[in-house]
Each structure stands twice: as structure tokens, then as C-alpha cells.
Amino acid sequence: MRNDFSKGRVWKNILTQMVPLLLAQMVLLLYNVVDRIYIGHLPGSDSLALTGVGLTFPIVTLIMAFCALFGMGGAPLFSIARGAGREEEAEEILGNVATMLLVSSVLLCGFGLLFRRPVLYFFGASDSSYFYADQYLRIYLLGTTFSMLSTGLNFFINAQGYPVKGMLTTVIGAVLNLILDPVLIFVCRMGVSGAALATVVSQGVSALWVLRFLTDAKTPLRIRRGNLRLRRGIVRRVLSLGLAGFIMQGTNCLVQVVCNTTLQRYGGDLYVGIMTVLNSVRELLSLPVSALSSGAQPVLGFDYGAKRYHRVKEGIRFTSLIGIAYTLGAWLVVFAFPHFWVSVFSNDADLIADGARALRLYFFGFFFMSFQFSGQSVFQGLGKAKQAIFFSLLRKAVIVTPLTLLLPRLGFGVNGVFLAEPISNAVGGLASFLTMYFTVYRKIE
């Protein structure tokens with residue numbers, strides 16, 4: 001049944017979208033987190049295997065940035081067109097996004113395989129950690145098309161009001177990944193290579209599920225052969241709006257590179273491994289507020305396209321308050337039990353001791369992140385590309401990257417790298433939220 005987001009309580013519509021998204025994203029996170037947990041406990045590798053996999057994060061993040069460019073750029077336009085009753089236009093957007101995802105995935109795979117060695121060393125690899133990083137990356141890259149199609153096109157399943165179908169996209173693949181990981185890593189003794197192969201196979205199955213649904217004759221808005229041909233106007237609009245998500249993910253890639261290279265200089269392989277753990281914990285704890293923001297976007301976009309502006313404001317209030325309450329609670333949990341979170345990913349005593357101290361610094365004031373999510377999701381959901389792009393750049397490129405380079409040189413050492421994150425959350429998050437409040441929320445009617 002297709003959802004009409006202009007009817008019913010707004011908060012119920014958002015939760016209806018959010019809950020399956022949360023489950024789906026949680027399962028999707030298991031693709032990487034479970035890999036890291038197994039890899040962190042590989043016998044005889046100390047923390048080097050975890051460090052090696054952490055060095056591949058910027059490349060994986062860059063691939064996801066292109067998913068955001070096309071998927072997050074096309075889905076809000078798709079929702080607005082659907083809400084306005086322009087279903088042919090919505091299908092044209094879907095078809096063009098499918099083509100862009102396919103072409104870019106092939107190019108990224110080829111480029112990554114060709115230049116992975118110099119890129120990994122540039123990202124902070126040492127001779128010891130490169131051995132593990134290369135094992136993981138060369139296999140992971142072969143599944144680029146699978147990961148991009150399943151992730152990028154899944155936005156269009158959720159945007160049509162099928163959040164459960166969207167959830168199954170990741171559930172199916174993640175369950176398979178959970179089964180394959182221990183078999184390939186330990187039983188088949190493939191180690192890091194086994195973790196990468198399990199991920200690729202699982203992503204392939206997820207991609208087949210998405211394509212089957214979006215080409216089925218029973219799906220209301222689906223991929224049609226005639227819409228696969230790129231149209232300049234649609235491509236320009238998708239890229240314009242998706243640029244915000246691309247910059248957000250792309251600047252995440254930049255920050256990861258800067259953090260790894262700086263930590264390698266001031267702390268060595270151990271601290272690159274610690275950053276791998278901190279990123280994993282951050283991904284896990286930010287998941288609910290991320291799902292809330294993603295679930296709100298199609299609802300806000302639909303009501304905006306249907307000119308139900310009072311419902312848009314109600315949705316903004318709900319997502320903002322829930323996001324702040326959750327992130328405040330998550331911050332308190334991290335501050336109280338830092339050793340537990342680090343020990344989940346490694347049994348290395350040095351990594352646990354130093355990582356617990358770093359975790360408290362890195363997550364200080366974590367609740368400010370909810371302001372960034374709230375403001376960004378409103379700009380994104382309502383198709384306001386310029387604002388979304390600006391605040392994506394502000395937090396990561398303008399604030400956290402320079403601080404990551406500057407604070408260690410001012411005498412903070414490795415602690416300076418971990419302090420840059422909370423400072424950027426506070427400054428960038430409040431700037432995004434306050435601008436959204438005064439320029440959108442107060443003036444939308």
C-alpha cells in the first residue's frame with residue numbers, strides 16, 4: 001500500500017519510516033562492525049589487522065559519497081514529484097539515478113584497483129599495516145557495483161512508502177554476512193581477505209533484491225528501460241541537490257585521511273587502530289538519530305510538495321526534540337563505560353587503555369551532533385541544495401580538518417585529533433540548526 005504522507009499524524013508517519021530504516025541501517029552497519037570485531041580479535045595480529053582495515057575507511061567512505069550524490073540527490077526530487085502527482089517525472093529521476101550509479105561504480109572500482117598501493121600509503125599506511133589493508137581492499141573493491149546499487153537505489157524504495165521492503169534490502173545481505181564472516185575468516189583461514197569476501201557476496205545479494213523490486217511490474221514507480229538514458233536537466237538537478245550528501249561523505253573521507261596521517265605521525269599504528277574503534281562506536285551510536293533524520297526526509301519532502309506547510313513544521317519539531325534527547329543519553333553512556341566500548345573491538349591491552357581515554361575526549365558534547373542532523377535533514381528533504389552544501393562543508397572542511405592539523409602542533413599531541421570532533425560538532429551543529437530555524441522553520445508559511 002502506497003503511503004500518502006499528507007494524512008495521519010506527522011510523527012507517526014516519521015516513525016513508520018524511521019523504524020524500518022533504523023533496523024535496516026543497524027543491520028547494514030553489521031557489515032562493517034562485525035568485520036572489525038572479528039578482525040580485531042584475530043590471533044597473532046595484535047592491533048595491526050584492525051589498523052589496516054581502518055586505513056581503507058576513506059576509500060569506502062568515498063564510494064558511499066557517490067551513493068549519496070546520486071541516491072540522496074534523486075530521492076528528495078522523487079518524493080517531491082510524487083507528492084505533486086508527477087509520476088512520470090519521478091520514474092525518469094529513478095531511471096537516471098540507476099544509470100549514474102552503475103557507470104560511476106565501474107569507474108571507481110577500476111581506479112581503486114589500479115592505484116590502491118600509493119593511495120593507502122598516502123592515507124597513513126606503514127609497511128606493517130599495508131599488508132592487512134591491501135588484503136581487505138583489493139577484494140572489497142570488486143563489489144563496488146553491488147554496494148552502490150543496493151545503497152543508492154534503496155532510497156527510492158523508502159521514498160515510495162515501502163520502508164519494510166527497504167529494510168529487507170540490508171537485512172538479507174547482513175544476515176548472510178554474519179554467517180559467512182566466521183566461516184571465511186576462521187574456518188577457511190582467510191583472515192582479513194575472508195571478511196572482505198563475505199561483505200562482497202552479501203552486497204551482491206542485496207543488490208539483486210533491490211533491482212528485482214524496482215523492476216517488478218507490481219511496483220508503482222519502477223525502473224523502465226526508456227528512462228535509463230541520461231537527461232541533462234535531471235542529471236543537473238540530482239547532482240545539485242545530492243552534492244550536499246556527497247560533500248558530507250567526501251569531507252568525512254578527508255577527515256579520516258587527515259586523522260590517520262596525523263595519528264600515524266604523533267602516535268603510530270596503535271593510534272590509527274584506536275581511531276578505527278572510535279569511528280566504529282560513533283557509527284553505532286549515531287545510527288538512531290541518522291535513521292530519524294532519513295525517515296523524516298521523505299515525509300517532509302512529500303508534505304512540502306503537497307503544500308502542507310504546517311505539517312512540515314510539526315515534523316521538524318518532532319525530529320529535533322527526539323534527536324537531542326537521544327544523543328544526550330548516548331553521550332552519558334559512553335562517558336560512563338569507555339573501556340567496555342573499546343574492548344568490544346580488541347583485546348589488545350594498550351589499545352583498550354589508551355582508547356578509553358581517547359573515547360571520552362572524542363565524544364565530549366556528543367548531543368551537539370543532533371543539531372547538525374536536524375538542520376541538514378530539513379535542507380536536504382525540502383530540496384534546499386545551497387544551504388545543505390554549505391553546512392556540510394562548514395563542519396568538516398572548515399572546522400574539524402584544520403583543527404585536526406593545528407591542535408597537535410600546539411602541544412595537544414594525539415589528544416588534539418580527538419578534541420577536534422567535539423568542537424566541530426558544537427560550532428557546526430549549532431550554526432546549521434539555527435540557520436534552519438530562522439530561514440526555514442520561521443518563514444515556511
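Residues numbered from 1 in each chain as written. Predicted model: local features only at pLDDT ≥ 70, side-chain atom pairs only at ≥ 80, totals over all residues. Heavy atoms only, no water.

Enquirer: I would appreciate a short explanation of the overall build of the protein in the present structure.
Expert: Scanning the protein for helices and strands turns up 16 helices and 0 strands. Over its C-alpha trace the protein gives a radius of gyration of 21 Å, about what one expects of a compact globule, namely 22 Å for 445 residues. When the backbone C-alpha atoms are referred to their principal axes, the protein occupies close to 60 × 45 × 35 Å. Across the 445 residues of the protein, 59% fall into the buried class. Across the protein, every contact between residues at least 6 apart in sequence was considered, and the portion connecting residues at least 24 apart equals 83%. (Helix = DSSP H or I, 4+ residues; strand = E, 2+ residues; numbered from the N terminus. Rg over C-alpha atoms; globule rule 2.2 N^0.38 Å. Buried < 20%, exposed > 50% of the residue type's maximum accessible area, 1.4 Å probe, protein only. Contact = heavy atoms within 4.5 Å.)

Enquirer: Would you mind going over helix α10 (residues 269–305) with me for this structure?
Expert: Side chains that are three or four residues apart share a direction in an α-helix, a result of its 3.6 residues per turn. Compared with the 54 Å implied by 1.5 Å per residue over 37 residues, the 50 Å span of α10 between its first and last C-alpha is a close match. The sharpest bend along α10 comes to roughly 50°, located at Leu 287, with the proline Pro 288 sitting one to four residues further on. Counting buried residues in α10 gives 30 out of 37 residues, a clear majority hidden from the surface. Phi turns positive one or two residues past the end of α10, at Lys 307, with a value near 60°. (Expected span 1.5 Å × (residues − 1). Bend = angle between axes of the 7 residues up to and from the residue.)

Enquirer: Looking at this model, I keep getting lost on helix α15 (residues 385–406). Mind explaining?
Expert: Relative to the 32 Å expected for 22 residues at 1.5 Å per residue, α15 spans 30 Å between its end C-alpha atoms, a close match to the ideal helical length. Where α15 bends most, the angle comes to about 40°, and this point is Leu 394.

Enquirer: Please clarify how unusual backbone geometry should be interpreted in this entry.
Expert: Phi is mostly negative for residues that are not glycine, and the peptide bonds are mostly trans. Notably, Arg 189 is not glycine yet its phi reads approximately 55°, a positive angle. Position of Arg 189 relative to the elements: it lies in the loop between α7 (163–187) and α8 (192–215). The exposed category is assigned to Arg 189, whose relative accessible area is 76%.

Enquirer: Looking at this structure, I do not really get the environment of Gly 428. What am I missing?
Expert: Residue position: Gly 428 is located in helix α16 (residues 414–441). For Gly 428, a relative accessible area of 1% gives the class buried. Along the primary structure Gly 428 and Leu 394 are separated by 34 residues, whereas in three dimensions their C-alpha atoms are 6.3 Å apart. Residues within four places of Gly 428 in sequence aside, it is in contact with Gln 372, Leu 394, Arg 395 and Ile 399.

Enquirer: Would you take a moment to explain the packing of α10 against α16 for this structure?
Expert: Helices that pack against each other are described as a pair by the angle of their axes relative to one another and the distance between those axes. At their nearest, the axes of α10 and α16 sit 12 Å apart, and the two run at 15° to each other. Taken together, the axis directions place α10 and α16 in an arrangement best described as roughly parallel. Helix-helix and strand crossings are classified by hand; for α10 and α16 the assignment is right-handed. From α10, Tyr 271, Ile 274, Met 275, Leu 278 and Arg 282 reach across to α16, where they touch Val 414, Val 417, Phe 418 and Glu 421. When grouped by side-chain class, the residues that make up the contact of α10 with α16 number 7 nonpolar, no polar and 2 charged. (Axes fitted to C-alpha atoms, helices over the stretch in contact; angles between N-to-C directions. Parallel < 35°, antiparallel > 145°, perpendicular 65-115°, else oblique. Left-handed = near helix turned anticlockwise from the far one by under 90°. Nonpolar A, V, L, I, M, F, W, Y, C, P; charged D, E, K, R; others polar.)

Enquirer: What's the story with the pattern of salt bridges in this structure? I'm lost.
Expert: Any two side chains of opposite charge can pair, on the condition that their charged atoms come close. Under the definition given, this model contains 10 salt bridges. Between Arg 311 and Asp 303 there is a salt bridge, with its nearest N and O atoms 3.5 Å apart. Between Asp 354 and Arg 357 there is a salt bridge; the shortest N-O distance is 2.3 Å. Placement of both Asp 354 and Arg 357 in helix α13 (residues 349–362) is noted, with a separation of 3 residues, approximately one turn of the helix. The exposure class assigned to Asp 354 is buried, which follows from its relative accessible area of 17%. Ionic contacts of the salt-bridge type, sharing partners, join the residues Arg 86, Glu 89 and Arg 237 into one network. (Salt bridge = Lys/Arg side-chain N within 4 Å of Asp/Glu carboxyl O.)

Enquirer: I would appreciate a short explanation of the side chain of Thr 51 in the present structure.
Expert: Tracing the backbone shows Thr 51 in helix α2 (residues 48–54). At 3.4 Å, the side chain of Thr 51 forms a polar contact with the backbone nitrogen of Gly 273. When neighbours within four sequence positions are excluded, Thr 51 is seen to be in contact with Ser 129, Asp 269, Val 272, Gly 273 and Thr 276. (Polar contact = N/O pair within 3.5 Å; in protein donor to acceptor, adjacent residues only side chain to side chain.)

Enquirer: So what exactly am I meant to see when it comes to the packing of aromatic side chains here?
Expert: What describes a pair of aromatic rings is the distance from one ring centre to the other and the angle between the planes of the rings. Applying the stated criterion across every chain yields a total of 25 aromatic pairs. Centroid distance Phe 111 to Phe 115: 4.9 Å. Interplanar angle 45°. Geometry classified as tilted. Note that Phe 111 and Phe 115 are positioned in helix α4 (residues 87–122) at a spacing of 4 residues, about one turn of the helix. Their ring planes at 5° and their centres at 5.9 Å tell us that Phe 379 and Phe 391 sit as a pair that is stacked. With Phe 379 in helix α14 (residues 369–381) and Phe 391 in helix α15, the pair connects residues that are 12 residues apart, well separated along the chain. Like Phe 391, Phe 379 is buried. In this structure, Lys 313 packs its charged tip against the face of Tyr 441, placed 4.7 Å from the ring centre. Directly above the ring of Phe 335 sits Arg 360, whose terminal nitrogen or CZ lies 4.8 Å from the centroid. (Phe/Tyr/Trp six-rings, centres within 6.5 Å; stacked < 30°, edge-to-face > 60°. Lys NZ or Arg CZ within 6 Å of the ring centre and 35° of its normal.)

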